[in-house]
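# Architecture and fold: a report
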Number of protein chains: 2
Amino acid sequence: MTFIEALQQIVPPHQFYDRQALSQTAVSYWESEPTTARCKVCPSSTEQVSQILKLCHHYGQAVVTQGGLTGCVQGAKATAEEVILSLEKLNQIEHIDTNAGTVTTQAGVILEALQQALAEKQWLYPVDLGARGSCTIGGNIATNAGGINVLRYGMTRDQVLGLEVVMADGTIMNLQNHMLKNNSGYDLKQLFIGSEGTLGVVTKAVLKLSPIQDKHHTALVAANNFAAVIDLLKRAKAELQDSLSAYEVMWGVYYDQQTQPKGHKPILASGYPYYVLLETSHHNAPNADAQFEALLADCYEQKTIVDAAIAHSEQQRRAMWDIRENFEPITGHHEIFTYDISLPIGNMAQYIPSLTQTLKSNAPQAKLYTFGHIADGNLHLFINPGQTQAQRSEFDDWVYQPLAALSGAISAEHGIGTEKMAALAHYCDPAALALMKTLKQTMDPKGILNPARVLCPNVTD
Amino acid sequence: MTFIEALQQIVPPHQFYDRQALSQTAVSYWESEPTTARCKVCPSSTEQVSQILKLCHHYGQAVVTQGGLTGCVQGAKATAEEVILSLEKLNQIEHIDTNAGTVTTQAGVILEALQQALAEKQWLYPVDLGARGSCTIGGNIATNAGGINVLRYGMTRDQVLGLEVVMADGTIMNLQNHMLKNNSGYDLKQLFIGSEGTLGVVTKAVLKLSPIQDKHHTALVAANNFAAVIDLLKRAKAELQDSLSAYEVMWGVYYDQQTQPKGHKPILASGYPYYVLLETSHHNAPNADAQFEALLADCYEQKTIVDAAIAHSEQQRRAMWDIRENFEPITGHHEIFTYDISLPIGNMAQYIPSLTQTLKSNAPQAKLYTFGHIADGNLHLFINPGQTQAQRSEFDDWVYQPLAALSGAISAEHGIGTEKMAALAHYCDPAALALMKTLKQTMDPKGILNPARVLCPNVTD
């Protein structure tokens, strides 16, 4: 029996796609080119995942685990000789514990489906991101997804209480903790969160829920300098407390381009150096309106902010978020290099002007558009390289090289995948990188799980 | 040069204590017997920690890392042939970033000292526990300390942004992230949080801060059944939102014994099946008083609670907490077996009556006192065994054995140390236990870091 025949013994025919069938499907959410892989198998139970990995381990067959294919760093794209392990059939929400505020769910459940099922029971699963309609809980966990509510609720890691994981050799590991407190030995689940499927395959998760928050206050404000942006954040945190759920900053050049004549409606005048979209979320909090408006009025009086608009309808709120989120006016028809870095907020005022200067000297026609979740220390950079001799790798160096001295990081929320593997190898603390490789070697000795992702393949192996 | 002579080359004389000097000091916070160890060394820099471990690694010398010695599971007590590595001289708060809300601190800083330094700058480090005046940040991290604010803020793990760690062979690993978001490779710091010093020595930490919360509303209420206790929790979470910072439940037998004539003043009448101490913390929240009182009034009207007292002064608040925290009326002059377990709140109503029945059948004179942070799934049990033939190990079995079927855990916040090592070996998922051992073997191949703690020594080695 060949390997493929053995694989076909594990799942029924409708859960198996051969090379030919795969070539009819797109490679990812972002790209329409055909999928190339040896085959794709879609287990419908943890036991099937275990059998598949046991077989692949035996044959030393490389496996790429796929969720919703919305990742940004080319982590889930298969090569022609890899087997795709899709968790799309592991799509059951198994149990909602309305007493404890937890949900037990299979890995292939779509984020938005989970959000909606919980909202019906008056609970909130607070991780939220643009890809909510396609991305899966398993993918969110494997990549430690961030998104727009991190300021208040933390990353995906902060929601995970327990996991079920299948190891490279097919061993099923039960780490299904349900409690906020469990110090019974090493917290092994942490190894599988954010390691992008390279150490094990997450098949099930127990997630912590939060009380529902279905009301928002949203404002778009302008500031004349970065110190004022920080001051506003500090006041908003202190006065709006936990209700502050988003604090998104757009540098002037970003806002101006987004609100150009063919772009979004300019809610505030263009030309200010900084724009902040801030938002609270709550549930019947008394006086929340008055408190939000009083904060902004006082900041305007004190000249911390120089212009402001408050959303008075969901439509107005949506228009503000559109300027922040829907960046076609910038990405439109240009080549764009995108970056997702993090650094302490106090160092941003130094970093961005310095990067702007570097680009001016080396690639004078390049344009830098900066925005991000600055309360999380997270900046997204869009660089339109313009007409230049400079290579993408040079831009990478200009962006990444100054970060170390500023306590920054090369990936805030998108992860490493294949796209940032070289940068990780270059900028990571050497002892830390060595330990990462040791863990990979120890937990996946044949290197079959998402090989050549996150960590560069070891050429001496 | 002998090993001891080499060690004395690394630190100045006042940072070294020989066997004789050590015999003058108590072994822990809880026990007054003299310390027995080969020697104690107190490095004042990460570089010294590195040199000490390099030397110990070379000699295969076992090392026990010590913080404030307040642990409850005999994890930091040295044997006669171990070297004590005390981090008491690593006691500097290095940097408070008031923009980002982070603090960089050495591991030997006392929790209360850190809390106070931050309060002066209007920031809160939210981890809090009874041992605050003695326990250290390094110990908190090594044990993933929980405490009284977990419901709102999570455990110590949830506060840690970055670490500096010295590995078993002396390698210094820089994992000093400062941001909420950093997905640059595996999140290695998680390995050192809660692994009780068995995988590396934490020398420095970057911690996340929260806005200061210096006002409280506190109430003690009584309920007639456990369903009402859960209902009150759900309503308090939904209506008081994030401000709910403690929800401590005492079973009637605990409350009654605590408020016996020679014990604490009984704020509510004795005889109810359940007592709940609930508390909010906030900072100038408008209407917080009214909201808190309205919730309780409505719950009383609906008969969810059957009696209630609200603290109107710090003294009254303290009196309520004393009933919960100062358990001399129970522990007084009796032998007490203490347990720290966790299980989903919905399963507690089944677990405690069942355990009570088991004790009644097997050790009829034993008395069970139950209390805990039930919103965290955490129960503390005090068992006075009374006159019985039963051994401690039998009580352990009665407490631990039923937990697996109820999704429970043998240690909620105290960790494993040596005390629960056998229970972990018995009740842990076998695949998980095997991976824990593999990690220990991989990261500390000579087994010099806190040996024979957490994981049973492998007799086949």
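The structure contained in this document is the topic of the report that follows. Every chain's residues receive numbers from 1 upward, in the order its sequence appears when written. Each chain is given a letter, starting from A, and each ligand a number, starting from 1, according to the order in which they appear as written. Per-residue local features are limited, in this predicted model, to residues with pLDDT of at least 70; the limit for side-chain atom pairs, both in listing and counting, is 80 or more; totals at the level of whole chains, interfaces and linings are taken over all residues. Values reported for side chains reflect all heavy atoms of the structure, with hydrogen atoms and water molecules removed beforehand.

What follows is about the overall build of chain A. Helix and strand definitions follow DSSP, with helices as H or I runs of at least four residues and strands as E runs of at least two, each counted in order from the N terminus. Helix and strand content of chain A: 16 helices and 18 strands. Computed over the C-alpha atoms, the radius of gyration of chain A is 23 Å, within 12% of the 23 Å expected from 2.2 N^0.38 for a compact globule of 461 residues. When its C-alpha atoms are laid out on the principal axes, chain A stretches across 75 × 60 × 45 Å. Within chain A, the proportion of its 461 residues that are buried is 57%. Computation of the radius of gyration draws on C-alpha atoms alone. For the globule rule, the value is 2.2 Å times the number of residues to the power 0.38. Accessible area is worked out with a 1.4 Å probe on protein chains only. A residue is then buried under 20% of its type maximum, exposed over 50%, and partly exposed in between.

We superpose the copies by least squares over the C-alpha atoms of residues that have a pLDDT of at least 70 in both of them. Rotating chain A by 180 degrees and moving it 0.0 Å along the rotation axis overlays it on chain B with an RMSD of 0.0 Å. Within this description, the copies of the chain are treated as partners about a two-fold rotation axis. Whether two residues touch is decided by their heavy atoms; if any such pair falls within 4.5 Å, the residues are in contact. Both copies present the same face, since 99% of the interface residues in chain A are matched by interface residues at the equivalent positions in chain B.

On to the sheet that holds strand S4 (residues 83-86) of chain B. Residues and elements named next belong to chain B. A pair of strands is considered paired only if DSSP assigns at least 2 bridges between the two. Strand order in the open sheet formed by 4 strands is S1-S2-S4-S3, and the pairing between neighbours is mixed. Only two strands of the sheet have a single partner each, and these edge strands are strand S1 (16-18) and strand S3 (63-66). In this sheet, neighbouring strand axes are inclined to one another by 20 degrees on average, regardless of whether the strands run parallel or antiparallel. What counts as an axis is a line fitted to C-alpha atoms, over the stretch in contact for a helix, and the angles between N-to-C directions run from 0 to 180 degrees. Helix H1 (residues 3-10) contacts S1, strand S2 (39-41) and S4 of the sheet and is inclined by roughly 155 degrees relative to S1.

Attention now moves to the interface of chain A and chain B. Size of an interface, as often reported, equals the accessible area lost when the parts are brought together. Across the contact, 83 residues belong to chain A and 82 residues belong to chain B. Of all residues in chain A, Lys181(A), Asn183(A) and Tyr186(A) bury the most surface against chain B, accounting for 17% of the area lost on that side. Salt bridges are counted wherever a side-chain nitrogen of Lys or Arg sits within 4 Å of a carboxyl oxygen of Asp or Glu. Linking Asp376(A) and Lys181(B) is a salt bridge whose minimum nitrogen-to-oxygen distance equals 3.2 Å. Polar contact criterion, stated in full: a pair of N or O atoms within 3.5 Å, where within protein one must be able to donate a hydrogen and the other to accept it, and residues adjacent in sequence count only if both atoms are side-chain atoms. At the boundary of chain A with chain B, the tally comes to 38 residue pairs in polar contact (both at pLDDT 80 or more). The term buried area denotes the loss of accessible surface (1.4 Å probe radius) that occurs when two parts are joined, taken as the sum for both partners.

Residues and elements named next belong to chain A. With antiparallel pairing, 5 strands are arranged side by side in an open sheet as S5-S6-S10-S8-S9. Of all the strands in the sheet, just strand S5 (93-97) and strand S9 (172-175) have a single pairing partner and so form its edges. Adjacent strand axes in the sheet meet at a mean angle of 10 degrees, parallel and antiparallel pairs treated alike. Strand direction decides the pairing type here: strand S8 (residues 160-166) and strand S10 (residues 201-208), joined by 6 bridges, are antiparallel. Across the sheet, Val165 pairs through a bridge with Val202, a residue of S10. Against the sheet, helix H4 (residues 111-119) makes contact with S5, strand S6 (102-106) and S10, and its axis sits at roughly 35 degrees relative to S5, the strand it touches most.

This paragraph deals with the environment of Val201(A). All names here are of chain A. Along the chain, the position of Val201 falls in strand S10. For Val201, a relative accessible area of 2% puts it in the buried group. In this view, Val201 contacts Val49, Leu53, Thr65, Leu85, Leu87, Glu164, Val165, Val166 and Leu449; residues no more than four positions away in its chain are not counted.

Looking now at H1(B). Phe3(B), Ala6(B), Leu7(B) and Ile10(B) are the residues of H1(B) that are buried. Viewed end-on, H1(B) has its buried residues packed into an arc of 100 degrees, placing them on one side of the element. This arc is taken over the directions from the axis of the helix to the C-beta atoms.

Let us now look at the pairing of S10(A). Residue and element names in this part refer to chain A. For S10, the tally of buried residues reaches 7 of 8 residues, placing the bulk of the element in the interior. Here 5 bridges tie S6 to S10, and the two strands are oriented antiparallel to one another. Looking across to S10, one finds that Val103 is bridged to Leu207.

Let's shift gears to unusual backbone geometry. Residue and element names in this part refer to chain B. Of note, Asn144 is a non-glycine position whose phi angle comes to about 50 degrees, a positive value. Topologically, Asn144 is positioned in the loop between helix H5 (137-142) and helix H6 (150-153). Not every positive phi belongs to a glycine, and Asn450 is a case in point at roughly 40 degrees. Mapping Asn450 onto the fold places it in the segment after helix H16 (430-443).

Residue and element names in this part refer to chain B. Helix H10 (residues 288-301) packs onto helix H8 (residues 226-240) with a crossing angle of 150 degrees between their chain directions and a minimal axis gap of 11 Å. In terms of orientation, H8 and H10 fall into the roughly antiparallel class. The hand of the H8/H10 crossing is right-handed. The segment H8 lies against H10, with Leu232, Arg235, Ala236, Glu239 and Leu240 engaging Gln291, Phe292, Leu295, Asp298 and Cys299. Reported orientations rely on four angle classes, namely roughly parallel under 35 degrees, roughly antiparallel over 145, roughly perpendicular from 65 to 115, and oblique for the rest. Should the near helix be turned counterclockwise from the far one by less than a right angle, the crossing is left-handed, whereas a clockwise turn marks it as right-handed.

A word on the pairing of strand S3 (residues 63-66) of chain A. All names here are of chain A. Burial along S3 is two-sided: the residues Val63 and Thr65 and Val64 and Gln66 are all buried. Relative to strand S4 (residues 83-86), S3 runs parallel, the two being bridged by 4 bridges. Along S4, the bridge assignment pairs Thr65 with Leu85.

Before going further, it helps to spend a moment on the packing of helix H8 (residues 226-240) of chain A against helix H13 (residues 345-362) of chain A. Residues and elements named next belong to chain A. It is at 10 Å that the axes of H8 and H13 come closest, and there the two elements cross at 160 degrees. Between H8 and H13, the angle is such that the two are roughly antiparallel. Crossing geometry of H8 relative to H13 is assigned as right-handed. Listed contacts from H13 to Phe226, Ile230 and Leu233 of H8 are Ile345, Gly346, Met348 and Ala349. Looking at side-chain class alone, the contact of H8 with H13 contains 6 nonpolar, 1 polar and no charged residues. Three categories are distinguished: nonpolar for Ala, Val, Leu, Ile, Met, Phe, Trp, Tyr, Cys and Pro, charged for Asp, Glu, Lys and Arg, and polar for the others, with Gly belonging to the last.

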